[in-house]
Amino acid sequence: MNRNFKIKDYQIEPATSSVRLFNREFRLEPKVMSVLCLLAQKPGKVFSKTEILEHVWPNQIVDPELVTRAIFELRKLFCDDPKQPQYIRTIPRKGYILLPSIELVEQNTTKKNHSKPLIAVSLIILCVGAFLAVSYWAVAPTEIKTAEKLIYSRSDSLYEVIKDPQNNTLAFVAGERNNHHIFVKDLNTNKINKITEQASNYRGLTLLNGKLISIRCQKACELIEYMNEGRKVLRNFEQRINDFTVSPDGKYLALNVFERGESLIAILDLASPNSEFEYTGLGTSTKSPTFIKNSELIYIGNDKDNKINLVRYDLQNNQATFIETPLTRLYELTHINQNQLAIIGKHKNENGVWLYDLANNSVNLLKALTPEETIQDIHSNNKNLLINAQTSRVDIWVKEQPHLDINHPSLNLNGVLSTDSNNLYFASNRTGSYELWKSQASGSTRLSSVKADLIDKIMSSKNSDHIALTLFSEHKKYLVVFSSPESKIILKTEVPHTANLIGWSESNDEIFLSKKNAQSYDLMSFSFQDKTLKTIALDAGYVATRNEQGLIYYDFISRSLILKNQNKQITLLEFSDLGIRRLPSCLKLDGDLLYYCERQQNSQVVYSININNKQRETVSNVPVNVFVTDVKGSAVAYDLKSYGHSNLYEIEIL
């Protein structure tokens, strides 16, 4: 039976997951439609979360939060105010009620529903039948059977892996950072040969006409073919190449190119020696190109709002389109067969390798990842998947404060110091979900759990009473403020995807963010007084604060630190005075002191400079490969990421 129904002016079509309101049509995710169908069986009846889960997600272990999210989507559809509901009412600790009666649509006529058994049975059959398929909302790992085996391990880092179609050899890039070699392992004899003469930076690894090729980057990048008798340079590039792939017929090269501060995807015709790059046109922060057909490419890219999704590019028509997936974070991908991709990403707060189907926009989990695991590369081979996983940890070290040194397995830390440098605040996904922590002499304490797909920055207020952080959740970016005295989150407001947290005002009543525009950055301010986010300066950002003198910020055009008070503008410090050619890797403005980092050959030097008298002092020397997250007085906090063993897994999809 294929019947539709109406709720007031909304016409519901479960079979197509569509809703019509006058001349407009909306689409619901299948499981959201399924929840609506269940509520519509008996308008006025309270359906508990448990009942909804059992009906909509039968025989699956899923997060009850899915029900809350589905109700949220339905309220958005009906423009329903949960405080004064007209469509769906929440009964605290009991469940949800559909308030209006429904009309069953049959042969262009409508009949009111008076809870007759026939109508209820019809709706049950319709809703259950429509949603047995794999849906956008639910991941059903039991539907995909896999067999996993460990095929190789190393004590150093593996970067790129590839297996020949005949399963005779395994080629891989391994070694220390920017000091790699290419190796070939004979899978029949297990003998390993190093085929490169000098260590270098090798980007990508694949086969072209049966020959192994890679891109080597030193001062410039070159495409090299490796043969038994040696190597041959196929192409030279002026641009910096991050990654590449070859079309199945060997005609095209798709490259991830870094130009003018942007990461772009370009196509190169290998048949023409003098061919030039043809850019796809979508995305300025792209990665992981992979061909799904001879003339069709998929890669990860950002839209104008910096939202990351898949991009599908047709080489013949030179057309690129975005594909929105259920995944909230995407890191790497490879093509398996037909419409199937393997994607390293995040879904429902779970990091893993996911099987993504382009045809029905569904995902299934292939391999779950622990917070200590980092996937360096994935590669498909005869419907099998090679996954290069490394165990890693990020440690926070606080120079001059040994009692604050912590070893905390995590993928994300960003430690910041309190005003007195005796407390260290940091974000961690130690348990797989994000948490806010405080570390002090007595040990580490979890302050709060934070629902997020990624926390990308945290910053303490001047009096250390509040912690501001920016996070991604459900394809949106938010500014969040946690109150230490109240031990709770007191603010959560949406901000642009390109907004980065950069500072607090001296009076702790204002937060500053730097938002990327087309060519530069704009300075934004969130005011606690009027709860508004607004742009306050163009071509500005990186550091900012406000004190009794006025607004202080970095100006991109003059490359100076500017003090602005009403209509007056004063240059406090020109960055050319620092003796560095580019903006430093760390930068912090704290009162009259500007802290910054300068990378040298074997170390990083952290300096402070007084913006009033220009007096510069050396704060500390730290390792060259660390990321400095905060400086306060003589204390320096930094993240040190260390890798353990590299493990190469092969997953067979049964």
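Keep in mind that what you see is a predicted model, and the values were worked out from it rather than measured. (Residues numbered from 1 in each chain as written. Predicted model: local features only at pLDDT ≥ 70, side-chain atom pairs only at ≥ 80, totals over all residues. Heavy atoms only, no water.)

Chemist: How should empty space enclosed by the protein be read in this particular structure?
Modeler: Summary: where empty space remains is shown by rolling a probe the size of a single water molecule over the atoms. Tallied over the entire structure, the rule returns two cavities of 30 Å³ or more. What the largest cavity holds in volume is close to 40 Å³. Asn547, Gln549, Ile552, Leu563, Leu572, Gly591, Asp592, Ile611 and Asn612 are the residues that line the largest cavity. A class-by-class count of the residues in the lining of the largest cavity yields four nonpolar, four polar and one charged. A domain split of the lining of the largest cavity shows at least three residues from each of domain 3 (500-581) and domain 4 (584-623). If you add up the space inside the second largest cavity, you get close to 30 Å³. What lines the second largest cavity is Asn414, Gly415, Val416, Lys457, Ile458, Phe627 and Thr629. (1 Å grid on protein atoms, 1.4 Å probe; cavity = no way out; pocket = protein on both sides within 12 Å on 5 of 7 lines; lining within 4 Å. Points joined across faces, edges and corners; volume = space filled by probe spheres on them. Nonpolar A, V, L, I, M, F, W, Y, C, P; charged D, E, K, R; others polar. Domains from an automatic or database assignment.)

Chemist: Please explain the pattern of salt bridges as it appears in this structure.
Modeler: Where charged atoms from two side chains of opposite charge approach closely, those side chains can pair. Summed over all chains, the structure comprises 19 salt bridges. Note that Glu73 is salt-bridged to Lys76, the shortest N-O span being 3.6 Å. A residue pair is termed a helical-turn pair when its members lie 3 or 4 positions apart in one helix, as Glu73 and Lys76 do in helix α3 (residues 65-78) at three residues. Measuring nitrogen to oxygen at the nearest pair gives 3.9 Å for the salt bridge that ties Glu650 to Lys149. Within this pair, whereas Glu650 is found in strand β54 (residues 635-653), its partner Lys149 is found in strand β9 (residues 146-154), the two being separated by 501 residues in sequence. (Salt bridge = Lys/Arg side-chain N within 4 Å of Asp/Glu carboxyl O. Helix = DSSP H or I, 4+ residues; strand = E, 2+ residues; numbered from the N terminus.)

Chemist: What exactly am I supposed to notice about the sheet that holds strand β15 (residues 211-217) here?
Modeler: The strands making up a sheet associate through backbone hydrogen bonding, with each pair oriented either parallel or antiparallel. If you walk across this open sheet you meet the four strands as β14-β15-β16-β17, and the pairing is antiparallel. Unpaired on one side and paired on the other, β14 (201-208) and β17 (230-237) mark the two borders of the sheet. Each strand axis lies, on average, 25° off the axis of its neighbour in the sheet, ignoring direction. Direction of pairing for strand β16 (residues 221-227) relative to β17: antiparallel, over a ladder of seven bridges. For Cys221, the partnering residue across the bridge sits in β17 and is Phe237. (Pairing = 2+ DSSP bridges. Axes fitted to C-alpha atoms, helices over the stretch in contact; angles between N-to-C directions.)

Chemist: I keep staring at the nonpolar core and nothing clicks. Help me out?
Modeler: Most often, soluble globular proteins keep nonpolar side chains buried together rather than apart. Counting 33 residues, the largest nonpolar core has Ile7, Val35, Ile52 and Trp57 as its most contacted members. Within the residue set of this core, elements represented by two or more residues are β1 (4-7), β2 (10-13), β3 (18-21), α1 (30-41), α2 (49-56), α3 and β6 (95-98). Of all the elements, α1 adds the most residues to this core, at eight residues. Val35 has contacts with Ile52, Val56, Trp57, Ala70, Ile71 and Leu74, leaving out every residue within four places of it along the chain. (Core = buried A, V, L, I, M, F, W, Y, C linked by side-chain atoms within 4.5 Å. Buried < 20%, exposed > 50% of the residue type's maximum accessible area, 1.4 Å probe, protein only. Contact = heavy atoms within 4.5 Å.)

Chemist: Please explain the confidence of the model for the protein as it appears in this structure.
Modeler: Do not read the fine detail of predicted coordinates wherever pLDDT is low. A residue-level look at the protein finds 89% of positions with pLDDT of 70 or above and a mean pLDDT of 83. Counting interchain partners and residues more than four positions distant, the pLDDT-below-50 stretch residues 107-142 has 78 contacts. (pLDDT = per-residue confidence, 0-100.)

Chemist: Would you mind going over the packing of aromatic side chains with me for this structure?
Modeler: The geometry of two aromatic rings is summed up by the distance between their centres and the angle between their planes. Tallied over the entire structure, the rule returns 17 aromatic pairs. With centroids separated by 5.9 Å and ring planes inclined at 15°, the aromatic side chains of Trp504 and Phe528 adopt a geometry described as stacked. Taken together, the residues span a long stretch of sequence, with Trp504 in strand β41 (residues 499-504) and Phe528 in the loop between β43 (521-527) and β44 (532-537) at a distance of 24 residues. Within the aromatic cluster, the residues linked to one another by ring pairs are Tyr521, Tyr542, Tyr554, Phe556 and Phe575. Against the face of Phe183 rests Arg154, its NZ or CZ located 4.9 Å from the ring centre. For the cation-ring pair, Lys367 lies above Tyr649, with the distance from its terminal atom to the ring centre recorded as 4.2 Å. (Phe/Tyr/Trp six-rings, centres within 6.5 Å; stacked < 30°, edge-to-face > 60°. Lys NZ or Arg CZ within 6 Å of the ring centre and 35° of its normal.)

Chemist: Can you walk me through α2 in this structure?
Modeler: Side chains of residues three or four places apart in an α-helix project in the same direction, reflecting 3.6 residues per turn. Of the positions making up α2, those classed as buried are Ile52, Leu53 and Val56. In a view along the axis of α2, the buried residues occupy a sector of 100°, so they form one face of it. Residues of α2 that are buried make contact with α1, α3 and β6. (Arc of directions from axis to C-beta.)

Chemist: Would you take a moment to explain the sheet that holds strand β10 (residues 157-163) for this structure?
Modeler: Read from one edge of the open sheet, four strands run β10-β11-β12-β13, paired in antiparallel fashion. Unpaired on one side and paired on the other, β10 and β13 (192-194) mark the two borders of the sheet. Sheet twist, expressed as the average angle between the axes of neighbouring strands with direction ignored, equals 25°. Pairing of β10 with strand β11 (residues 169-176), which is carried by six bridges, proceeds in the antiparallel orientation. Following the sheet pairing, Ser157 is matched in β11 by Gly175.

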